[in-house]
Amino acid sequence: MATEAPSAHLAHHFPDLQTQEHAARLGMWLFLATEILLFTVLFTAYAVYRYLFPGAFDEASKLAHVSMGATNTVVLITSSLTVALGIHYARQGDKRKTVGLLAVTIAFGAVFMVLKGFEYHHHWVDGQLPGKFYHFTGLTGPGVSMYFTIYFLMTGLHGLHVLIGMGVLAWIALRAARGEFSREYSTPVELGGLYWHLVDLIWIFLFPLLYLV
Amino acid sequence: MAAPAHNEGKHLGPAQYVLIWVVLMVLTGATLAVWKTPMSDGLRISAALGIATVKAALVALFFMHLYEHGGASRLVLVTSMMFVALLIGLTLADNATRFPYANPPSSSPQDEVPFTNAPPPSNVPPPPLRARPEPAYQGH
C-alpha cells in the first residue's frame, strides 16, 4: 500500500493526498471566517443604525425592489446547487459535467449582477443614494439616507464578491476543461465552490434584512 | 487519529442536493410569506433571521460539506459565529444603554440644524477642577 506512486498533485511536505486536502480545506475555512467577519462589521453597522432609526429603516426598505431581490435570491441559491453538483461530478472525474455546471453557475452569477445593476440604476435615477447625494423627495427624514448608505455598502461589497467568485469559478472551469482534475484530485474545485457558497450565505442574510424587515 | 480513511459512503448524491435546493426554495417562499403577513416588528425580524439561519445552516452543512467532513472546519465556522454574536451583541447593547441624546441630531442631510461655534453662556461658573490633578492624565 505504501509503495503507491506519489501523486503529481501531492506537495512533498504532506504524507498523502487526503491529508493535503484536509489542510487545504481548513485553510479555506479560515479564510472564509475572515470574510464572514468582514461582512459582520457591515451587519453591525446595519444593526446599530436600524436600532437608532427603526422607522426610517422600515419606510426606506419599502423602496427596495423586492421582486428583483427575491429573483436574485432564487438565482443565487440555484447557483449554489449547480456548483455543489459541479463539485460532485468533479470528484467522480466527470470533466464534461463539471465544466458545464461551473459554466451554468457563472451564468447565474452574471444574471445576479445584471439584476443588481438594474436595481442600482433605479435607485440612482430616483435619487435614493447615500448621504448628501440623497435627493429623493418621496421619503425624507433622519436616517433614511443612512439606510441607502448601508444598502449600497453591503450589496456593493457582496456584488464585488460575486464578481470575484465568477472569476475564480471561470479559472477553475478552465483548469477542469484542460483535464487537470480527476477522481483522485479535485481540491481546487471544492475550494472555489466553498467561496461561491459563502457568497450565497451572505446573500441569504442580506436579502431579508435589506428588502423585507 | 482514528479518523476514517474513507468517508465516501457519506458523500451526498445529486438527488440529495436537489432535495436541499427544494427545501431552500420553500424557505425562501416562507421568508416572503412572513414579509406579507402583518406582525410586530420584533417578531418579523426574529422570524426572518430564524429562517435565514436555517437556510444558512443547510447550505453550510450540505452544500459546503460540513456534514460529511466536519472536524476543524466546523470549529472554525462556529468560532467565527461566536465573534459575530459578540460584535453585534455587544455593540447593540452599548447603543441600547446610552442616553437618548447621544444620538446626533444632524445624522441625516434632511434635518440639517444650524451649527454654532458660540461658547456656552459665561455666567455659569466652570465646573470645579480636581483637587489634585493627576499629571499623567492627558485626556479631554
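Because the structure is predicted, anything quoted here is derived from the model rather than measured.

Turning our eyes to something else, we now look at the overall build of chain B. Within chain B one finds three helices and zero strands. When the helices and strands of chain B are read in sequence order from the N terminus, they spell out α-α-α. Here chain B holds 140 residues, and 14% of them are scored as buried. Sequence-distant contacts in chain B: of pairs separated by 6 or more residues, those separated by 24 or more amount to 43%.

Tallying secondary structure elements over chain A gives six helices and zero strands in all. Order of helices (α) and strands (β) in chain A, N terminus to C terminus: α-α-α-α-α-α. Across the 213 residues of chain A, 41% fall into the buried class. The contacts in chain A between residues at least 6 apart in sequence include a share of 74% that link residues at least 24 apart.

This paragraph deals with the packing of helix 6 (residues 187-212) of chain A against helix 2 (residues 41-63) of chain B. Here helix 6 of chain A crosses helix 2 of chain B at 170 degrees, and the two axes come no closer than 10 Å. Overall, the two elements helix 6 of chain A and helix 2 of chain B adopt an arrangement that is roughly antiparallel. From helix 6 of chain A, A:H197, A:D200, A:L201, A:I204, A:F205, A:P208 and A:L212 reach across to helix 2 of chain B, where they touch B:A48, B:A52, B:K55, B:A56, B:V59, B:A60 and B:F63. Classifying every residue of the contact of helix 6 of chain A with helix 2 of chain B gives eleven nonpolar, one polar and two charged.

Here we come to the nonpolar core. All names here are of chain A. Grouped together as the largest cluster of nonpolar side chains are 74 residues, with contacts concentrated most on L102, Y147, A176, L206 and L210. Here the element with the most residues in this core is helix 6; it accounts for 17 residues. Every residue in contact with L206, bar those within four places of it in the chain, is listed here: M154, T155 and H158.

Look at helix 1 (residues 17-52) of chain A: 52 Å from first C-alpha to last across 36 residues, which is about the 52 Å you get at 1.5 Å a residue. Within the sequence span of helix 1 of chain A, burial applies to A:R25, A:M28, A:W29, A:L32, A:A33, A:F43, A:Y46 and A:R50. Summarising the contacts, the buried residues of helix 1 of chain A are in contact with helix 2 (54-61), helix 5 (144-177) and helix 6 of chain A together with helix 3 (72-96) of chain B.

Between chain B and chain A, the residue contacts involve 41 residues of the former and 44 residues of the latter. Of all the secondary structure elements, the ones that give two or more residues to the side of chain B that touches chain A are helix 1 (14-36), helix 2 and helix 3 of chain B. Here the element with the most residues in the side of chain B that touches chain A is helix 3 of chain B; it accounts for 13 residues. Within the side of chain B that touches chain A, the residues separate by chemical class into 26 nonpolar, eleven polar and four charged.

Before going further, it helps to examine unusual backbone geometry. The phi torsion at B:H65 lies on the positive side, around 65 degrees, for a residue other than glycine. With respect to the helices and strands, B:H65 occurs in the loop between helix 2 and helix 3.

Before going further, it helps to examine helix 1 of chain B. Here helix 1 of chain B contains 23 residues, and its C-alpha end-to-end distance of 33 Å stays within 8% of the 33 Å for a straight helix at 1.5 Å per residue. Residues of helix 1 of chain B that are buried include every one of B:I20, B:W21, B:L24, B:T28, B:T31 and B:V34, and no others. On the buried face of helix 1 of chain B, the contacting elements are helix 3 (66-91) and helix 6 of chain A together with helix 2 of chain B.

Tracing the sequence through the fold places B:N95 in helix 3. With 15 C-beta atoms counted inside 10 Å, the residue B:N95 sits in the partly exposed group. Setting aside chain neighbours within four positions, we find B:N95 in contact with A:V48, A:Y51 and A:L52.

All names here are of chain A. Contact geometry of helix 4 (residues 95-126) with helix 5 gives a least axis separation of 9 Å together with a crossing angle of 160 degrees. What the angle tells us is that helix 4 and helix 5 run roughly antiparallel. The handedness of the crossing between helix 4 and helix 5 comes out as left-handed. Looking at side-chain class alone, the contact of helix 4 with helix 5 contains 17 nonpolar, seven polar and two charged residues.

So, about the confidence of the model for chain B. Summing up the model confidence of chain B, the mean pLDDT is 78 and the portion of residues at 70 or higher is 63%. Both scores are given for the predicted complex: the pTM is 0.83, the ipTM 0.89.

We now examine the environment of A:G86. All names here are of chain A. Relative to the assigned elements, G86 resides in helix 3. Remark: the alpha-carbon pair of G86 and K116, spanning 30 residues in sequence, is separated by 25 Å. Each residue touching G86, except ones within four places of it in the same chain, is listed here: T98, L101, L102, T105, V189 and G193.

Conventions used here
Residues numbered from 1 in each chain as written. Chains lettered and ligands numbered in written order. Predicted model: local features only at pLDDT ≥ 70, side-chain atom pairs only at ≥ 80, totals over all residues. Helix = DSSP H or I, 4+ residues; strand = E, 2+ residues; numbered from the N terminus. Buried ≥ 20, exposed ≤ 12 C-beta atoms within 10 Å, placed from the backbone. Contact = placed C-beta atoms within 7 Å. Axes fitted to C-alpha atoms, helices over the stretch in contact; angles between N-to-C directions. Parallel < 35°, antiparallel > 145°, perpendicular 65-115°, else oblique. Nonpolar A, V, L, I, M, F, W, Y, C, P; charged D, E, K, R; others polar. Core = buried A, V, L, I, M, F, W, Y, C linked by C-beta atoms within 7 Å. Expected span 1.5 Å × (residues − 1). Left-handed = near helix turned anticlockwise from the far one by under 90°. pLDDT = per-residue confidence, 0-100.

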